[in-house]
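A closer look at the structure
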Amino acid sequence: MARTVWDSTVGKKTVMAISGLVMLLYLVAHMIGNLKIFFGSSEFNHYAHWLRTVGEPFMHYEWTLWLIRVVLVVAVVAHAVSAYQLSRRDIKARPSKYVHKKARSSYATRTMRWGGIILALFIVWHILDLTTGTVHTGGFETGKPYQNVVDTFSTWYGNVVYIVAVLAVGMHVRHGFWSAAQTLGAGSRTRDRALKTIANVLALLLTVGFVAVPVGVMTGVVS
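What counts and what doesn't
- Residues numbered from 1 in each chain as written.
- Predicted model: local features only at pLDDT ≥ 70, side-chain atom pairs only at ≥ 80, totals over all residues.
- Heavy atoms only, no water.
- Helix = DSSP H or I, 4+ residues; strand = E, 2+ residues; numbered from the N terminus.
- Expected span 1.5 Å × (residues − 1).
- Bend = angle between axes of the 7 residues up to and from the residue.
- Phe/Tyr/Trp six-rings, centres within 6.5 Å; stacked < 30°, edge-to-face > 60°.
- Buried < 20%, exposed > 50% of the residue type's maximum accessible area, 1.4 Å probe, protein only.
- Lys NZ or Arg CZ within 6 Å of the ring centre and 35° of its normal.

Naming follows an unreviewed UniProt entry, where the protein chain appears as Succinate dehydrogenase of Streptomyces pactum.

Here it is, written out as structure tokens:
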């Protein structure tokens, strides 16, 4: 049954919608956590340490964090694979180009695929920069995320990479949330306007919330 569902277009769209919502929940939580940086280094570093001790003593040190990471990896892979396969299926269904180009609903719709690629590349860079410290400049300090974040956003390229990725997140969420609602049957003629409003508000809040951190470092509010 699972194989039959996965092989169907509806099944792939459902997987894409559910995995997208899982990642959206993480983004909201991650943004709220990031904003703790405005309360100072001790507050932010304590929050980062708390993430590694959630569930103790029932859960061992970092077990909950690794569980979250595993769920996220599964969601990202499922989302990417289903998106790619749906795209290939769509191309095969119409191998020749339309004589008259189909009107697209929005700029976000036209850039969903490129936005996904940008986000995938950013996730890799973000992990190597602030989790492993592999590409971090200024001397990566384990257990001191506040200092590491300030280091990253003290460079022009760190700000450019992050802000471009956040803008891509906003566009992706704006279209993806509404699309997921349609796939999961939440959309209707009466609810579509409300769903689009929620999608716009979520996209705006996430964009502003994430961009606030590099802007805070650039302006000296966070230092």
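There is more to say after this.
With that settled, the discussion passes to helix α9 (residues 192-218). For α9, with 27 residues, the first-to-last C-alpha span of 39 Å sits near the 39 Å given by 1.5 Å per residue. When the local axis directions of α9 are compared, the greatest deviation, roughly 30°, occurs at alanine 212, which is followed within four positions by the proline proline 214. Downstream of α9 by a residue or two, glycine 220 has a phi angle that is positive, lying close to 90°.

To describe a pair of aromatic rings, you give the distance between the ring centres and the angle between the ring planes. Here the structure, examined in full by the defined rule, presents seven aromatic pairs. Taking the centre distance of 6.5 Å and the plane angle of 65° together, the rings of phenylalanine 44 and tyrosine 146 count as edge-to-face. Remark: tyrosine 146 occurs in helix α7 (residues 145-152) and phenylalanine 44 occurs in helix α3 (residues 41-53); sequence separation between them is 102 residues. Relative accessible area serves as the criterion here: at 8%, tyrosine 146 is assigned to the buried category. Centre to centre, the rings of tyrosine 47 and tryptophan 50 are 6.3 Å apart; their planes meet at 25°, and the pair counts as stacked. Of this pair, tyrosine 47 and tryptophan 50 both sit in helix α3, separated by three residues, roughly a single helical turn. Members of the aromatic cluster, connected to one another through ring pairs, are Phe44, Tyr47, Trp50 and Tyr146. The ring centre of tryptophan 178 lies 5.1 Å from the NZ or CZ of lysine 196, which sits over that ring.

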